[in-house]
Amino acid sequence: MASPGATRPGRAAWALALPPVAALGLVFLYPLALVVRESVSPDGGGFSLSAYSDVLAQTAFRDALTNTVLIAVGATLGAVALGFALALVIAFVPFPGGKALSRFIDVFLSFPSFLITLALLFVYGTVGMANGLWTGMTGAAHGPFDFLHTPWGVLLAEVTYFTPFVMRPLLAAFSQVETAQLEAAASLGATAPRIVRRVILPEALPSLAAGGSLVLVMCLNEFGIVLFTGAKGVTTLPTLIYGKAILDGDYTGACVVAVVNIALSVALYGLYRLLVSTNGVRRARA
């Protein structure tokens, strides 16, 4: 029979965990509950899903949902491909400044997203450096670069900003790859692409999946990049929430879109956790 003192560590753990859990509930879960309540009970009235049927039937919502998914998937694929290639070069191709570049990635992760968009505007904007060089050399009235205010501009900005979020876990994974494996594969006549495909990629897949899923969720909720590019006709779920709440004063509609956006993000995260746990069980059985 367990002594009374045996339960004290468990009680102490709960006592220590209670304050941060209560703070989390007050700061995050309570405002989230208010958003959900407003979406199903407009102006404090009774329970009603009429706001959902109204918002989901709007063409603006369907267009925003389509834009959000397409841009998020495209930016994720671009960031994964570019991040994998750059991480390979930094980790396995010796060149001057490689370590400094690896450290700079950590600093880059702290940059706000709108700063990257602003930098791209300085380079490729209507009066940016690229168009300025073109007009100065050719005497043309306008430069050829006018894509930042299109979905392609949003895609470029998101790939530029989110690529380091893929590179960071990949560089950590690549640091665990034993050089003896690479040397053995090369000595057996394996080409560089085959070494990447058969030796490096299997080791990097968990980190690649983690970085890619993180980027996908962040792209689904990205607001600053879309706003600062000023892309015409490119409305995503976050910008639709902003428009309904701030510009139109439709707080109930904004809450409905916010709930849909949250549900989409949570569903993707849950799917990622399921895939990771399934993969872990298979490896354990193997």
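Residues numbered from 1 in each chain as written. Predicted model: local features only at pLDDT ≥ 70, side-chain atom pairs only at ≥ 80, totals over all residues. Heavy atoms only, no water.

Engineer: Would you take a moment to explain the nonpolar core for this structure?
Structural biologist: Taken as a class, soluble globular proteins show a tendency for nonpolar side chains to be buried jointly. Of all hydrophobic cores here, the largest spans 42 residues; its most connected members are Leu170 and Phe174. For this core, the elements supplying multiple residues, two or more each, are α3 (59-92), α4 (98-108), α5 (113-124), α7 (151-174), α8 (179-187), α9 (192-220) and α10 (224-229). In terms of residue count, the dominant contributor to this core is α7 (twelve residues). Not counting residues up to four positions away in its chain, the partners in contact with phenylalanine 174 are Phe84, Ala87, Leu88, Ala91, Phe92, Ile200 and Ala204. Within the second largest apolar cluster, 15 residues are counted, among which are Ala64, Leu240, Ala245 and Val256. (Core = buried A, V, L, I, M, F, W, Y, C linked by side-chain atoms within 4.5 Å. Buried < 20%, exposed > 50% of the residue type's maximum accessible area, 1.4 Å probe, protein only. Helix = DSSP H or I, 4+ residues; strand = E, 2+ residues; numbered from the N terminus. Contact = heavy atoms within 4.5 Å.)

Engineer: In this structure, what is going on with the packing of aromatic side chains? I would like to understand it.
Structural biologist: In this description, an aromatic ring pair is defined by two values, namely the gap between the centres and the angle between the planes. Tallying each qualifying case throughout the model produces seven aromatic pairs. Between tyrosine 161 and phenylalanine 162, the ring centres sit 4.9 Å apart and the planes meet at 75°, which makes this aromatic pair edge-to-face. You can call phenylalanine 162 buried: its relative accessible area is 1%. On the basis of an interplanar angle of 55° and a centroid distance of 5.7 Å, the ring pair of tyrosine 161 and phenylalanine 165 is categorised as tilted. Of this pair, tyrosine 161 and phenylalanine 165 both sit in helix α7, four residues apart, which is roughly one turn of the helix. Taking the relative accessible area as the measure of exposure, phenylalanine 165 reaches 14% and is therefore buried. Among the aromatic residues, those joined into a cluster by ring pairs are Phe84, Phe92 and Phe174. (Phe/Tyr/Trp six-rings, centres within 6.5 Å; stacked < 30°, edge-to-face > 60°.)

Engineer: Got a minute to help me understand the pattern of salt bridges in this structure?
Structural biologist: Side chains that carry opposite charge are capable of pairing whenever their charged atoms lie near each other. Following the criterion strictly, the structure yields one salt bridge and no others. Of the charged contacts, one joins aspartate 250 and lysine 244 as a salt bridge, the two residues approaching to 3.9 Å between their closest N and O atoms. Overall, aspartate 250 belongs to the partly exposed group, its relative accessible area being 29%. (Salt bridge = Lys/Arg side-chain N within 4 Å of Asp/Glu carboxyl O.)

Engineer: I tried to follow helix α11 (residues 237-247) on my own but got confused; where do I start?
Structural biologist: Counting buried positions along α11 gives eight out of eleven residues, so the element sits mostly inside the fold. All buried positions along α11 are accounted for by Leu237, Pro238, Thr239, Leu240, Ile241, Gly243, Lys244 and Ala245. Positive phi appears at glycine 249, one or two residues downstream of α11, with a value of about 70°.

Spatial relationships are all this shows, so hold off on functional conclusions.
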